[in-house]
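Geometric and topological summary
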Amino acid sequence: MTSTGFRRTFAALSVCSLALAASACGSGDDGSSGGKTRITVNCEPPKSAKVDRGFFEQDVAAFEKKHPDIDVVAHDAFPCQDPKTFDAKLAGGQMEDVFYTYFTDAGHVVDIHQAADLTPYVKELKSYPTIQKQLRDIYTVDGRIYGIPRTGYSMGLIYNRKLFRKASLDPDRPPTTWEEVRADAKKIAALGGGTVGYADYSAQNQGGWHFTAELYSQGGDVVSADGRQATIDTPEGHAVLQNLHDMRWTDDSMGSKQLLVINDVQQMMGSGKLGMYLSAPDNIPILVKEKGGDYKDLALAPMPGGKGTLIGGDGYMFNKHDTPAQIRAGLKWLDHMFLTPGKGFLGDYARAKKANAPVGLPEPRLFTGAADATDQQVKKANANVPVENYQAFLDGNQSLEMKIEPPDAQQIYSVLDGAVSAVLTKKDADIDQLLKDASGKIDGILARS
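The present account deals with the structure reproduced in this document.

Calculation criteria
Residues numbered from 1 in each chain as written. Predicted model: local features only at pLDDT ≥ 70, side-chain atom pairs only at ≥ 80, totals over all residues. Heavy atoms only, no water. Helix = DSSP H or I, 4+ residues; strand = E, 2+ residues; numbered from the N terminus. Rg over C-alpha atoms; globule rule 2.2 N^0.38 Å. Contact = heavy atoms within 4.5 Å. Areas by Shrake-Rupley, 256 points an atom, 1.4 Å probe, with all protein chains shown as cover. Lys, Arg positive; Asp, Glu negative; His and termini not counted. Charge placed at Lys NZ, Arg CZ, Asp CG, Glu CD. Buried < 20%, exposed > 50% of the residue type's maximum accessible area, 1.4 Å probe, protein only. Pairing = 2+ DSSP bridges. Phe/Tyr/Trp six-rings, centres within 6.5 Å; stacked < 30°, edge-to-face > 60°.

Once that is clear, we can look at the overall build of the protein. When its secondary structure is counted, the protein shows 18 helices and 13 strands. The globule rule puts the C-alpha radius of gyration for 449 residues at 22 Å, and the 22 Å found for the protein is close to it. Each of the three principal axes of the protein carries a C-alpha extent, and together these read 70 × 50 × 40 Å. Once local pairs closer than 6 in sequence are excluded, the contacts in the protein between residues at least 24 apart make up 77%. Accessible surface for the protein amounts to roughly 18,300 Å². Of this, 51% is attributable to carbon and sulfur atoms. Each charge sign in the protein was given a centre, from 49 positive and 57 negative side chains, and these centres are 5 Å apart.

Below, the structure is given as structure tokens:
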């Protein structure tokens with residue numbers, strides 16, 4: 001899942017019309033038109049996102065001018081990928097030549113033989129060696145490369161500096177352990193007036209997503225290293241649920257309204273009624289632009305617990321029917337659009353600043369070495385948000401283990417939703433039994449996959 005409620009909010013995906021299906025959706029044509037190599041791509045921002053749509057169109061036009069032998073046909077809709085239709089599009093030959101995927105899709109798309117092998121061509125992608133290895137590895141299966149990362153995020157703790165000050169807490173010293181989170185949440189909730197110290201999701205698979213992140217922070221895992229067995233019925237898993245139970249029922253720091261999802265929690269934070277919740281940096285602009293928050297009041301700390309954090313993100317894979325010319329064209333397009341530090345759709349910070357888009361958030365951070373230094377330098381020069389509010393997050397992440405979501409993530413999250421919602425809605429919830437039952441269900445999911 002992504003931090004902003006499953007995926008980046010500007011992203012988009014189209015379902016091709018019947019008229020286009022045979023010629024523009026990667027269905028096996030040779031990709032040539034009038035002497036040009038044609039590629040279809042998705043994740044063009046929708047027309048309703050005027051600024052992002054304009055940036056995307058500008059960048060595609062600049063690419064086609066630079067490469068007059070390549071014709072890019074972009075498709076839009078919302079969101080970039082709909083899990084309900086994704087497999088059907090793949091199986092039906094309706095997927096674009098270059099298509100957006102979540103990190104957790106990579107193994108599945110390869111397993112069902114719908115991805116082109118990029119290994120022979122990736123040496124032509126100039127930026128590839130500069131991308132973080134842990135992100136590149138997500139799209140590498142059995143030593144073969146099947147996709148290119150575009151963005152990455154890691155979970156942290158968003159908190160309200162204004163409420164910290166009101167509760168006599170130091171906003172420059174956010175909590176670093178779950179014990180400190182609990183203590184700070186209790187003080188913030190004591191302010192009264194409907195103020196909630198800490199909130200968490202517990203519905204629509206989002207509770208399971210956050211359980212996973214919290215388990216990683218304790219040093220635990222959801223499944224075993226071989227992916228065959230659940231590993232939640234452990235002291236670490238018990239600690240996650242016990243902490244939520246105690247904050248909810250002993251401390252009364254989580255409020256009485258539960259079964260929350262991301263929009264509920266964002267609304268609470270944006271309105272100034274919430275002290276803390278788990279998320280990633282890209283939630284912050286949403287809190288300001290859509291929920292009434294203020295950049296100066298919003299800060300980001302590393303994942304409490306100090307052991308690990310959940311990472312996620314997205315990238316592009318290539319249709320198995322793509323010709324070598326289409327693969328080469330698609331790689332050039334990715335380099336131009338997303339993978340040149342300080343430039344392109346995600347990296348042109350000067351352009352973003354001019355359009356009053358937020359610049360200076362600590363993520364996504366895709367590159368390493370000199371490429372990362374260049375990207376960060378350009379970002380810093382154009383920052384228009386209080387970057388000092390995110391320094392704790394950047395510093396703390398250096399010591400955390402970065403861990404991707406488990407296999408069969410959505411099915412597992414659905415199971416874990418039940419455990420999280422139970423401890424937040426039932427004072428007498430049996431944590432040991434909840435973990436035992438959830439573990440058995442997850443074992444069944446893994447056995448069938």
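After that view of the structure, there is still more to cover.
Of all 5 residues in strand 4 (residues 98-102), 5 are buried; the element is thus mostly enclosed. Taking every second residue as pointing to the same face, both faces of strand 4 are buried, with Val-98, Tyr-100 and Tyr-102 on one and Phe-99 and Thr-101 on the other. With 5 bridges joining them, strand 4 and strand 12 (residues 308-318) adopt antiparallel strand pairing. Pairing of Phe-99 across the sheet is with Met-317, part of strand 12.

Omega for the bond connecting Glu-363 with Pro-364 falls within 30 degrees of zero, at 5 degrees, which places this linkage in the cis form. Of note, Pro-364 is situated in the loop between helix 14 (349-354) and helix 15 (369-381). We note that Cys-43 has phi near 75 degrees; this positive angle belongs to a residue other than glycine. One can find Cys-43 in strand 2 (residues 36-44). Residue classification places Cys-43 among the buried residues on the basis of a relative accessible area of 1%. The phi dihedral of Gln-204 is positive, around 55 degrees, even though this residue is not glycine. Take Gln-204: it is sitting in the loop between strand 9 (196-198) and helix 8 (206-217).

Moving on, we get to the packing of aromatic side chains. This model, assessed by the stated rule, comprises 13 aromatic pairs. With a centroid separation of 5.5 Å and 85 degrees between ring planes, the pair formed by Trp-333 and Phe-338 is classed as edge-to-face. With a relative accessible area of 0%, Trp-333 lands in the buried category. Here the aromatic cluster, defined as three or more aromatic residues joined through ring pairs, consists of Phe-56, Tyr-100, Tyr-102, Tyr-316, Trp-333, Phe-338 and Phe-345.

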